[in-house]
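Okay, here's what each chain looks like letter by letter:
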Amino acid sequence: MKILITGGAGYIGSLLVPQLLNKGHQVRVLDSLLFRQTSMLPYFINPDFEFIKGDVRDVETVKKAVSGTDVIIHLAAIVGAPACKKNSQLAEDVNYQGTVNINEARTNSQKMFYASTGSVYGKVENICTEDLQPKPLSIYGDTKLRAEKEVMKKGNSIAYRFATAFGLSPRLRLDLLPNDFVFNALKNHYLVVYDKHFKRTFVHVKDIVSAYLFGIENFEKMKNEVYNVGSEKMNKTKEDIANIIKQKINFEILFVDKGIPDPDQRDYEVSYKKIRDKGFETSIDFDMGIDELIRGLQTVDVANPFSNL
Ligand SMILES: NC(=O)c1ccc[n+]([C@@H]2O[C@H](COP(=O)([O-])OP(=O)(O)OC[C@H]3O[C@@H](n4cnc5c(N)ncnc54)[C@H](O)[C@@H]3O)[C@@H](O)[C@H]2O)c1
C-alpha cells in the first residue's frame, strides 16, 4: 500500500516509518522538520521512501502529499498543552486547520488514521471510556478534539486516543512524564513529584506503532470508531512511577502536595476494552520501558534540544 505519514519525522513517526517500510509498504512522509530532526535520514536509501519537507498548513503541499495514497496516518501537530499554550494561533492553524486541509484533500476512498489524545477528555470522575462526552480543558485538547470530529465526520477513518507515550525514539521527547522522571533521576539524582496521587495512563511508543500496524490490517472491522489506545496495566499514579524507578536506580524523591496544575487535569483511569475487543493488546510493560529509558538515557547528555517547546 502507499501510505502518507504526516509528522513522520516525529517521536512516534520515526519509529513507524521503518516498520511500514519493512512490511513492504511505500511510505511518503510530509513533515516540516520543526525540531531540525535528522530522524528520517536512514530511509532515503530505500526507493519506497519519499520525503516532502513541507507544512500541513499549506493547501497545495497537502494536496500533493495526499494524492495517490491509499492510507493517511496524520501525526503532524503542535503536541502537548505547554507547546500549544505558548503559541495558541499556531496550535489552531496546525492542529485544527492542518487536519482540515488533509481531510479535505482526501477522497472518500482514502483511509485516514487520526492521532488523537487522552487530553480531549478533560476532568473525568470515573473510568474513562470512549462514550464519555469529551470536555477538553487545554488548547491542545480542544484543537485535537475539533480536528478529530472533522475526520470522523467524513468517514472511512479511525481515531486513536493515545495514553501518554513513553520510551525511546530517534526523535526523543523528554517532556513526557516517565521520560522526564528517568532523565531527572539519572542526571540530577533527585526528583520533585507534585500531586503524587494523580492517576495517569501510559503506552510505550512502540505499542503505538503496533496499534497502527494492527489498524491497517483490520481497518474494515475497526473503521468509523474512536479508540482509547493503551493498557489498564499502565494506569499508574505519579507516586507509582517514581517508586518503580527508585527500585532500579538510586536517587532522592521529594513529594510536594501542590504544584503547577496539569492543564489537562488528567487524573483518571482509562478503559481500553473497546480496542481489546477488536483484538489489539499492548505488549511492552512498564518495567521493560523503564529499563530501556535507564539504559538509553544514560548516554544522553543534553536536555533542551528535545523539548517540545
Ligand atoms: N506522544 C504522545 O504521548 C501522544 C499522545 C497522544 C497523542 N499524540 C499525538 O500523536 C501525534 C504525534 O506526536 P509525537 O509524540 O510524535 O510528537 P512530535 O512533536 O515528535 O511529532 C510531531 C511532528 O509533526 C511535525 N510538524 C509539526 N508541525 C508541522 C506542520 N505545520 N507541518 C508539517 N509537520 C509538522 C514535527 O516536525 C514533528 O515531526 C500528534 O498528533 C500528537 O497529538 C501523541
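In this text, all values refer to a predicted model and were calculated from it rather than measured experimentally.

(A) Spatial organisation of the layout of surface pockets. Quantified by volume, the second largest pocket comes out at close to 160 Å³. Contributing to the lining of the second largest pocket are 14 residues, with Ser231, Lys233, Glu281, Thr282 and Ser283 lying nearest its centre. A breakdown of the residues in the lining of the second largest pocket according to their chemical character gives five nonpolar, four polar and five charged.

(B) Spatial organisation of the site of the ligand. The environment of the ligand is formed by 32 residues, the closest being Tyr11, Asp31, Tyr140, Lys144 and Arg173. Side-chain polar atom of aspartate 31 to an oxygen atom of the ligand: 2.6 Å apart, as the coordinates give it. Within the backbone of serine 32, one N or O atom sits 3.2 Å away from a nitrogen atom of the ligand. For the shell around the ligand, the element with the highest residue contribution is strand S5 (residues 111-117), accounting for three residues. Across the shell around the ligand, the residue classes tally to 18 nonpolar, nine polar and five charged. Mapping the shell around the ligand onto the domain boundaries places at least three of its residues in each of domain 1 (2-165 + 202-229) and domain 2 (167-201 + 232-269 + 284-306).

(C) Local environment of helix H11 (residues 286-297). The end-to-end C-alpha separation of H11 is 16 Å, in line with the 16 Å expected for twelve residues at 1.5 Å each. Residues of H11 that are buried: Phe286, Gly289, Ile290, Glu292, Leu293, Ile294, Gly296 and Leu297. In this structure, the buried side of H11 is in contact with strand S7 (164-166), helix H6 (177-187), strand S9 (199-204), strand S11 (235-237) and helix H9 (238-246). By the N-cap criterion, in which a side-chain oxygen at the helix start approaches the backbone nitrogen of a residue two or three places on, H11 is capped by aspartate 285, the distance to aspartate 287 being 3.2 Å.

(D) Region of interest: the packing of aromatic side chains. Inspection of every chain in the model, using the stated rule, returns 14 aromatic pairs. On the numbers, 6.4 Å between centres and 65° between planes, the contact of tyrosine 160 with tyrosine 227 is edge-to-face. Note that tyrosine 160 is positioned in strand S6 (residues 157-162) and tyrosine 227 in strand S10 (residues 225-229), a separation of 67 residues in sequence. Above the plane of the ring of phenylalanine 286 lies lysine 236, whose end atom (NZ or CZ) is 5.7 Å from the centre. Here the guanidinium or amino end of lysine 246 rests over the ring plane of phenylalanine 251, the centre of that ring lying 5.6 Å away.

(E) Representation of the domain arrangement of the protein in the model. Each assigned domain of the protein is listed here: domain 1 (2-165 + 202-229) and domain 2 (167-201 + 232-269 + 284-306). Once you take the C-alpha centre of each, domain 1 and domain 2 turn out to be 24 Å apart. Across the boundary between the two partners, domain 1 contributes 32 residues, which contact 27 residues of domain 2. Together, the buried faces of domain 1 and domain 2 total about 2400 Å²; carbon and sulfur atoms form 59% of this surface. Ranking the residues of domain 1 by area buried against domain 2 places Tyr11, Phe202 and His204 at the top, with a combined share of 35%. Applying the counting criterion to the domain 1 and domain 2 interface returns zero salt bridges. For the pair domain 1 and domain 2, the interface holds ten residue pairs in polar contact (both at pLDDT 80 or more). Mapped by element, the contributors of at least two residues to the side of domain 1 that touches domain 2 are helix H1 (13-22), helix H5 (139-154), S7, S9 and helix H7 (205-217). By residue class, the composition of the side of domain 1 that touches domain 2 is 17 nonpolar, twelve polar and three charged.

(F) Quick peek at the sheet that holds strand S2 (residues 26-31). Reading across the sheet, the seven strands line up as S3-S2-S1-S4-S5-S6-S10 and stay open at both edges, with parallel pairing between neighbours. Each of the sheet's edge strands pairs with one partner strand only, and the pair in question is strand S3 (49-53) and S10. Taking the axes of each pair of neighbouring strands and ignoring which way they run, one obtains an average angle of 20° across the sheet. Sheet topology places strand S1 (residues 2-6) next to strand S4 (residues 71-74); four bridges connect them, and they run parallel. In the sheet register, isoleucine 3 faces S4, and the bridge partner there is valine 71. Helix H2 (residues 59-66) contacts S1, S2, S3 and S4 of the sheet and is inclined by roughly 170° relative to S2. Each of S5, S6 and S10 touches H5; the most contacted strand, S5, lies at about 160° to it.

Parameters and conventions
Residues numbered from 1 in each chain as written. Predicted model: local features only at pLDDT ≥ 70, side-chain atom pairs only at ≥ 80, totals over all residues. Heavy atoms only, no water. 1 Å grid on protein atoms, 1.4 Å probe; cavity = no way out; pocket = protein on both sides within 12 Å on 5 of 7 lines; lining within 4 Å. Points joined across faces, edges and corners; volume = space filled by probe spheres on them. Nonpolar A, V, L, I, M, F, W, Y, C, P; charged D, E, K, R; others polar. Near = heavy atom within 4 Å. Polar contact = N/O pair within 3.5 Å; in protein donor to acceptor, adjacent residues only side chain to side chain. Helix = DSSP H or I, 4+ residues; strand = E, 2+ residues; numbered from the N terminus. Domains from an automatic or database assignment. Expected span 1.5 Å × (residues − 1). Buried < 20%, exposed > 50% of the residue type's maximum accessible area, 1.4 Å probe, protein only. Contact = heavy atoms within 4.5 Å. Phe/Tyr/Trp six-rings, centres within 6.5 Å; stacked < 30°, edge-to-face > 60°. Lys NZ or Arg CZ within 6 Å of the ring centre and 35° of its normal. Buried area = accessible area lost by both parts, 1.4 Å probe. Salt bridge = Lys/Arg side-chain N within 4 Å of Asp/Glu carboxyl O. Pairing = 2+ DSSP bridges. Axes fitted to C-alpha atoms, helices over the stretch in contact; angles between N-to-C directions.

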